[in-house]
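Fold and contact review
For reference, the chains in residue letters:
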Amino acid sequence: DAGVTQSPTHLIKTRGQHVTLRCSPISGHKSVSWYQQVLGQGPQFIFQYYEKEERGRGNFPDRFSARQFPNYSSELNVNALLLGDSALYLCASSPTGSRGSYEQYFGPGTRLTVT
Amino acid sequence: SQQGEEDPQALSIQEGENATMNCSYKTSINNLQWYRQNSGRGLVHLILIRSNEREKHSGRLRVTLDTSKKSSSLLITASRAADTASYFCATEGYSTLTFGKGTMLLVSP
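Residues numbered from 1 in each chain as written. Chains lettered and ligands numbered in written order. Predicted model: local features only at pLDDT ≥ 70, side-chain atom pairs only at ≥ 80, totals over all residues. Heavy atoms only, no water.

A look at the sheet that holds strand β1 (residues 5–7) of chain A
Residue and element names in this part refer to chain A. Strand order in this open sheet of four strands is β1-β3-β8-β7, and the pairing throughout is antiparallel. Looking at the sheet topology across the chains shown, the edges are occupied by β1 and β7 (64–68). Here the average twist between neighbouring strands, direction ignored, is 15°. Here five bridges tie strand β3 (residues 19–24) to strand β8 (residues 74–78), and the two strands are oriented antiparallel to one another. Bridging across to β8, Thr20 finds its partner in Asn77. (Pairing = 2+ DSSP bridges. Helix = DSSP H or I, 4+ residues; strand = E, 2+ residues; numbered from the N terminus. Axes fitted to C-alpha atoms, helices over the stretch in contact; angles between N-to-C directions.)

Section: the layout of surface pockets
Residue and element names in this part refer to chain B. Space inside the largest pocket adds up to approximately 450 Å³. Taken together, the elements giving at least two residues each to the lining of the largest pocket come down to β9 (85–92) and β11 (103–108). In the lining of the largest pocket, the residues fall into eight nonpolar, 12 polar and two charged. (1 Å grid on protein atoms, 1.4 Å probe; cavity = no way out; pocket = protein on both sides within 12 Å on 5 of 7 lines; lining within 4 Å. Points joined across faces, edges and corners; volume = space filled by probe spheres on them. Nonpolar A, V, L, I, M, F, W, Y, C, P; charged D, E, K, R; others polar.)

Observations regarding the side chain of B:Asp83
Residues and elements named next belong to chain B. Structurally, the position occupied by Asp83 is in the loop between β8 (71–76) and β9. In terms of polar contacts, Asp83 uses its side chain to reach the side chain of Arg60, at 3.0 Å. At 2.8 Å, the side chain of Asp83 and the backbone nitrogen of Arg80 are in polar contact. Setting aside chain neighbours within four positions, we find Asp83 in contact with Arg60, Ile76, Leu105 and Val107. (Polar contact = N/O pair within 3.5 Å; in protein donor to acceptor, adjacent residues only side chain to side chain. Contact = heavy atoms within 4.5 Å.)

Overview of the packing of aromatic side chains
The description of an aromatic ring pair rests on the distance of the ring centres and on the angle between the ring planes. Under the criterion given, the structure shown has nine aromatic pairs over all chains. Aromatic side chains A:Phe106 and B:Phe99 sit 6.1 Å apart centroid to centroid with 75° between the ring planes, which places their arrangement in the edge-to-face category. With A:Phe106 in strand β10 (residues 105–106) and B:Phe99 in strand β10 (residues 97–99), this residue pair bridges two chains. With respect to burial, A:Phe106 and B:Phe99 carry one shared label: buried. Through successive ring pairs, a cluster of aromatic residues spans A:Tyr35, A:Phe45, A:Phe106, B:Tyr35, B:Phe88 and B:Phe99. (Phe/Tyr/Trp six-rings, centres within 6.5 Å; stacked < 30°, edge-to-face > 60°. Buried < 20%, exposed > 50% of the residue type's maximum accessible area, 1.4 Å probe, protein only.)

That's the geometry; what it means functionally is another story.
The structure is reproduced here in structure tokens:
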């Protein structure tokens, strides 16, 4: 069975540009979450989507946006890139968006470098 | 902000030794989870312990939870070089996970 997939693997962008990162959840999983992991830190929650609706948003500026498609895949968009946006962006899926046994399955991540 | 704080930040041991990592958190939780990350790649779920559980085992892993002290520990017994990774605790809030900064474990042959 395929796990969570993310594309691209690596990305280099220039300050001020925008970027779109993509994520495909495990088949049957309806919830997708996005995390940002800066070097040396733990992942920081950005968004959660469940059944195409935003269920949660972390403390990130409006330059960050996301959406979930009918097939439950998801995109994370970041506008007006800053140097500080350089990080590993992780996507995670889970079967539901409800509280409880909230084990998440992570993809390999997209390494974004902003120059 | 990060809810969990792992201790130590880094740990270096020899193969065959046990490794213990601790996690402290600040607010009430439904459950606490431990994840492993190899070389800046995706995280792998290791174990979940609910707030009404005190101890849980999975293979060579043993997790304890003390809700009165708001702390948890992860014990890896008989460590192997392949256990070299960063280990994170994560607490579950409303539909999100909040991770600590992690413990880097190095297991030398």
